[in-house]
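Descriptive structure summary
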Amino acid sequence: FSGMMMNLKFHRKKMGFGKPSRNDLLFEQLFLRVLRKANLHSVMVIDEPFLEYGKHSRHQEYSKLCFVPDVGDLRGKSSRVEAKKYFGIPIGNFVILVYGFLSKKKGIENLLRAVNNTALKKISVLLSGIQDEYTRELLSGSLAKTLINSGQLIISNGFHDDEKEYKAFKSANCVWVGYVGSQFGSSGVLYQSASMGLPLLGTADGLVGWIINKHCIGLVFDPVNIFECTNAIKEIYCNEELLMRLGQNAKKLSLNHTSEKFGEAICDQLEI
């Protein structure tokens, strides 16, 4: 038999991201015990650094690991102009997208403060997704209202079907993944952004920061530090060559993260 592990954590500190846990050693020993099962053929993982961790481990059991690329492809037909018109975004504005479940961990407050600090009126933030109570309260505040009135904050609340999801990403110039609060796992938004050739503004911590750095698909910083957030936004807005290069790298990464590649990787393991 073969299987997939989705949320392994005991390697993170050793790979340079994530917090240590007193359970790390225990969970690794339990995982090695699983790998030693004679009738286990392979364990598939979507965590790229975990695969690297296994390759450099002294434990031979990790030879049963195989990588399955996380899925991020989006499909649609809208142009960027059409997508901007759909959401009511000023056509000439540079758009930073925040997508998904809009909670405190998304770091939205820090993004809004940073955008306001730049004094660049041609930047708009598009918030697309379902809001939690914290976000609803944030968006009723004075800063959010000021940005809404200036056309720098656009809100698309609620569930987004495939077409609306595509329009949200198509309208964007870059995507915010500046997560806060011990967010060390992966992000589906990262691979969705890559499929559209969109650079990322992201946290330097966790798997998100690791992937952005390794594949050169965005800028990383401490999202709690407003000064660093502001500088990153200014840099990606003002440097067209940088924006293009990061976007090209993102598109290149996405070629290995389609639904077809995901399905092929799983089927290949089951056929062996």
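Everything quoted here is computed from the prediction, not taken from an experiment.

**Points about the overall build of the protein**
On a plain count of helices and strands, the protein comes out with 12 helices and nine strands. Its C-alpha atoms give the protein a radius of gyration of 20 Å, within 12% of the compact-globule value 19 Å for 272 residues. Taking the principal axes of its C-alpha atoms as reference, the protein extends roughly 65 × 40 × 35 Å. Across the 272 residues that make up the protein, the buried fraction comes to 52%. Long-range contacts, defined as pairs at least 24 residues apart, comprise 73% of the intrachain contacts of the protein with a sequence gap of at least 6. Here the protein has roughly 13500 Å² of accessible surface; of this, 52% comes from carbon and sulfur atoms.

**What to know about the packing of aromatic side chains**
Any aromatic ring pair is given by two values, namely how distant the centres are and how the planes are angled relative to each other. What the rule picks out here adds up to 12 aromatic pairs. Centre to centre, the rings of Trp176 and Phe221 are 5.6 Å apart; their planes meet at 40 degrees, and the pair counts as tilted. With a gap of 45 residues between them, Trp176 in strand E7 (residues 174-177) and Phe221 in strand E9 (residues 218-221) connect regions that are remote in the sequence. For Trp176, a relative accessible area of 1% puts it in the buried group. Through pairs of rings, three or more aromatic residues link up here, namely Phe10, Phe31, Phe50, Tyr53 and Tyr62. Its end group placed over the ring of Tyr86, Lys167 keeps NZ or CZ at 5.1 Å from the ring centre.

**Some remarks on the pairing of strand E1 (residues 2-5)**
In this structure, E1 lies alongside strand E2 (residues 42-45), joined through four bridges in parallel fashion. Bridge pairing in E2 links Met4 to Met44. Each parallel crossover has a hand, and the one from E1 via helix H1 (residues 24-35) to E2 is right-handed.

**So, H1**
For H1, which comprises 12 residues, the first-to-last C-alpha distance of 17 Å matches the rise-based estimate of 16 Å (1.5 Å per residue) to within 8%. Residues of H1 that are buried make contact with E1, E2, helix H2 (48-55) and strand E3 (65-67).

**Considerations on the sheet that holds E3**
The three strands lie next to each other as E1-E2-E3, forming an open sheet whose pairing is parallel. Two strands bound the open sheet, and with one partner strand each, they are E1 and E3. Adjacent strand axes in the sheet meet at a mean angle of 35 degrees when their direction is disregarded. Relative to E3, E2 runs parallel, the two sharing three bridges. Looking across to E3, one finds that Val43 is bridged to Leu65. On top of the sheet, H2 reaches E2 and E3; it is set at about 145 degrees to E3, its chief contact.

**What about the pairing of strand E5 (residues 123-129)?**
Within a regular strand, the side chains alternate between the two sheet faces. Counting buried residues in E5 gives seven out of seven residues, a clear majority hidden from the surface. The sheet contact formed by strand E4 (residues 94-99) and E5 spans six bridges and is parallel. Each bridged residue has a counterpart across the sheet, and for Tyr99 the counterpart in E5 is Ser128. Tracing the backbone out of E4, into helix H4 (residues 108-118) and back to the parallel element E5 gives a crossover that is right-handed. When E5 meets strand E6 (residues 153-157), the two strands line up parallel, connected through five bridges. Paired with Leu126 across the strands is Ile154, a residue of E6.

**Structural notes on the side chain of Lys64**
Examined against the element boundaries, Lys64 turns out to sit in the loop between H2 and E3. A polar side-chain atom of Lys64 sits 2.8 Å from the main-chain carbonyl oxygen of Leu35. Residue contacts for Lys64: discarding those within four places in its chain leaves Leu35, Arg36, Lys37, Leu40, His41, Ser42 and Val43.

**Quick look at the environment of Ile91**
You can see Ile91 is positioned in the loop between helix H3 (80-87) and E4. Assessed through its relative accessible area of 43%, Ile91 is described here as partly exposed. Between the C-alpha atoms of Ile91 and Ile217, which are 126 residues apart in sequence, the distance is 25 Å. Excluding residues that lie within four positions of it along the chain, Ile91 makes contacts with Val81, Lys84 and Lys85.

**Focus on the nonpolar core**
If you look at the biggest cluster of nonpolar residues, it comprises 31 residues, and the most contacted ones within it are Leu97, Leu126, Phe169, Leu190, Ile211 and Ile217. Of all the secondary-structure elements, those providing two or more residues to this core are E4, helix H7 (162-170), E7, helix H8 (188-195), helix H9 (206-215) and helix H11 (240-254). The leading source of residues in this core is H9, at five residues. Not counting chain neighbours up to four residues away, the residues in contact with Phe169 comprise Leu74, Leu97, Tyr99, Val175, Val189, Gln192, Ser193, Met196 and Leu198.

Reading guide: rules and limits
- For every chain, the first residue of the written sequence is number 1, and numbering continues from 1 along that sequence.
- The predicted nature of this model means local features are confined to residues of pLDDT at least 70 and side-chain atom pairs, given and counted, to a pLDDT of 80 or more, with totals for whole chains, interfaces and linings taken over all residues.
- No hydrogens and no water enter the side-chain calculation; it runs on all heavy atoms of the structure.
- Starting at the N terminus, helices and strands are each numbered in turn, a helix being any DSSP run of H or I of at least four residues and a strand any DSSP run of E of at least two.
- In this description the radius of gyration comes from C-alpha coordinates, and the expected globular size is given by 2.2 Å times residues to the power 0.38.
- Each residue's exposure class comes from its accessible area (1.4 Å probe, protein chains only) as a fraction of the maximum for that residue type: buried when under 20%, exposed when over 50%, partly exposed otherwise.
- Contacts between residues were defined by any pair of non-hydrogen atoms, one from each residue, lying within 4.5 Å.
- The accessible surface values rely on the Shrake-Rupley method and a 1.4 Å probe; as for residues, cover is taken only from the protein chains in view.
- We call Phe, Tyr and Trp rings a pair once their centres come within 6.5 Å, taking the six-membered ring for Trp, and we label the pair stacked below 30 degrees between planes, edge-to-face above 60, and tilted otherwise.
- Whether a charge lies above a ring is judged from NZ of Lys or CZ of Arg, which has to be within 6 Å of the ring centre and within 35 degrees of the ring normal.
- Should DSSP find at least two bridges between two strands, the strands are taken to pair.
- For crossovers, right-handed means that the path from the first strand over the helix to the second runs clockwise, given strands pointing away from the viewer.
- Here, expected helix span is obtained from the residue count minus one, scaled by 1.5 Å.
- Orientation is described by axes fitted as lines to C-alpha atoms, over the contacting stretch for helices, and by angles from 0 to 180 degrees between their N-to-C directions.
- In protein, a polar contact requires one atom able to donate a hydrogen and another able to accept it; more generally it is a pair of N or O atoms within 3.5 Å, and residues adjacent in sequence count only if both atoms are side-chain atoms.
- Buried Ala, Val, Leu, Ile, Met, Phe, Trp, Tyr and Cys residues that are joined via side-chain atoms within 4.5 Å together make up what is termed a nonpolar core.

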